[in-house]
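Letter by letter, the chains look like this.
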Amino acid sequence: MRKKVTKAIFPVAGLGTRFLPATKAIPKEIMTLVDRPLIQYAIDEAREAGIKEFIFVTSRGKSALEDYFDHAPQLEQELRKKDKKDLMQVLKSTYMDSGAIAYIRQHRALGLGHAVHCARRLIANEPFAVILPDDVIDGEQGCLKQMVDAYEETGGCMVAAMEVPPEKASSYGVLDVADDMGSLVSVKGMVEKPKAEEAPSNLAVIGRYILTPSVLRNLSKQDAGAGGEIQLTDAIAKEIGGEQGVYGFRFRGQRYDCGSKSGFLQATVAFGLARDELRDDLMAYLDELAATRKAAE
Ligand code: UTP
């Protein structure tokens, strides 16, 4: 029987420089799409996939993130007094069971691989998930749930993969595909941030992973890679050709890169349009905007 994936690491210790000056005072993961912070989307996706333990790798200045998951008795009391049942439900969806959530500090932002390594003592000897909350994925079924189901068949390491045009390859880790089986591909190599002409495929790795504990051991021995950072991709690549192998998973759903301003704005519009109470107003505004722009051309 394969061990179930019940732990997830959320690396949230990055500096978030692309969102300065906002990130001077608020963690990127607390920024909201409509009214829910990025981290809430990530937690909901993890819960749907059966995750029971949530491990945050944080850094200085991220206390708002820790507060976000706390119970809020005063607010609860007010809502109860005013009989705001719907809002009570919303509030409760942010609560975490005592003991289900842990925070580990990454003292210096040495890279994603290093952030994951910081959580090694809480993982021990079992498979685990890694979720980057700035990749928000909208779909009928959560991306991690899809991956956990596929992982039950494959074992090994699995990364979420998405097709990107060649000129975008240099922003991602890119898969060198051994065997393309449709939604699953087996991987014979991974290149971090290749130039367009050197990308081995159009399949880019995005922020969802299921990893074996051996990746943590690889990270212990690993030096800095591309960009001077300790790269998670390099540690996963060491598992290629091993007993269990590495797989890419083409997930079903729309991914928004909310670590970039343009991705964040696109997600805001998409999630706004998905809300019944906002759709008509927002759509009317977008139509008007498009018409005004067209008329000005
Ligand atoms: P990014 O590459 O988006 O970096 O990290 P960043 O610092 O968050 O943002 P920019 O580029 O300065 O705007 C991808 C994910 O890895 C985490 C980040 O918090 C984010 O979730 N990360 C990155 C760490 O936890 N520690 C690191 O040292 C680097």
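You'll find the structure just up there.
These remarks concern the structure in this document.

Right, let's talk about the site of the ligand for a bit. Close to the ligand lie 17 residues, the nearest being L15, T17, R18, K28 and Q106. Between the ligand and R18, the relevant distance is 2.8 Å, taken from an oxygen atom to a main-chain nitrogen or oxygen of the residue. Within the side chain of K28, a nitrogen or oxygen atom sits 2.7 Å from an oxygen atom of the ligand. Protein chains bury 82% of the 570 Å² of accessible surface belonging to the ligand in isolation.

Right, let's get into the packing of helix 11 (residues 261-273) against helix 12 (residues 276-296). In the contact formed by helix 11 and helix 12, the axes pass within 8 Å of each other and the chain directions differ by 130 degrees. One way to sum up the angle between helix 11 and helix 12 is to call them oblique. Together, V269, G272 and L273 of helix 11 and L278, R279, L282, M283 and L286 of helix 12 make up the contact between the two elements.

What follows covers the pairing of strand 10 (residues 184-192). Counting buried residues in strand 10 gives seven out of nine residues, a clear majority hidden from the surface. Hairpin connection between strand 9 (residues 173-180) and strand 10: a loop of three residues separates the two successive antiparallel strands, and G182 in this loop has a positive phi of roughly 105 degrees. With three bridges joining them, strand 10 and strand 12 (residues 246-250) adopt antiparallel strand pairing. From the neighbouring strand, V185 faces strand 12, where its bridge partner is G248.

Right, let's talk about the pattern of salt bridges for a bit. Applying the stated criterion across every chain yields a total of 19 salt bridges. Measuring nitrogen to oxygen at the nearest pair gives 2.2 Å for the salt bridge that ties D44 to R36. As a salt-bridge pair, D180 and R250 come within 2.9 Å of each other at their nearest N and O atoms. Pair noted here: D180 is in strand 9 and R250 is in strand 12, with a separation of 70 residues, a long-range link.

A separate point is the packing of aromatic side chains. All chains considered together, the criterion is met by eight aromatic pairs. With centroids separated by 4.9 Å and ring planes inclined at 15 degrees, the aromatic side chains of F10 and F56 adopt a geometry described as stacked. Of the two residues, F10 is situated in strand 1 (residues 7-11) and F56 in strand 4 (residues 53-58); the sequence distance between them amounts to 46 residues. On the basis of relative accessibility, which here comes to 0%, the residue F10 falls in the buried class.

Cut-off values and rules
Residues numbered from 1 in each chain as written. Predicted model: local features only at pLDDT ≥ 70, side-chain atom pairs only at ≥ 80, totals over all residues. Heavy atoms only, no water. Near = heavy atom within 4 Å. Polar contact = N/O pair within 3.5 Å; in protein donor to acceptor, adjacent residues only side chain to side chain. Areas by Shrake-Rupley, 256 points an atom, 1.4 Å probe, with all protein chains shown as cover. Axes fitted to C-alpha atoms, helices over the stretch in contact; angles between N-to-C directions. Helix = DSSP H or I, 4+ residues; strand = E, 2+ residues; numbered from the N terminus. Parallel < 35°, antiparallel > 145°, perpendicular 65-115°, else oblique. Contact = heavy atoms within 4.5 Å. Buried < 20%, exposed > 50% of the residue type's maximum accessible area, 1.4 Å probe, protein only. Pairing = 2+ DSSP bridges. Salt bridge = Lys/Arg side-chain N within 4 Å of Asp/Glu carboxyl O. Phe/Tyr/Trp six-rings, centres within 6.5 Å; stacked < 30°, edge-to-face > 60°.

Function cannot be inferred from these measures alone, as they are strictly geometric.
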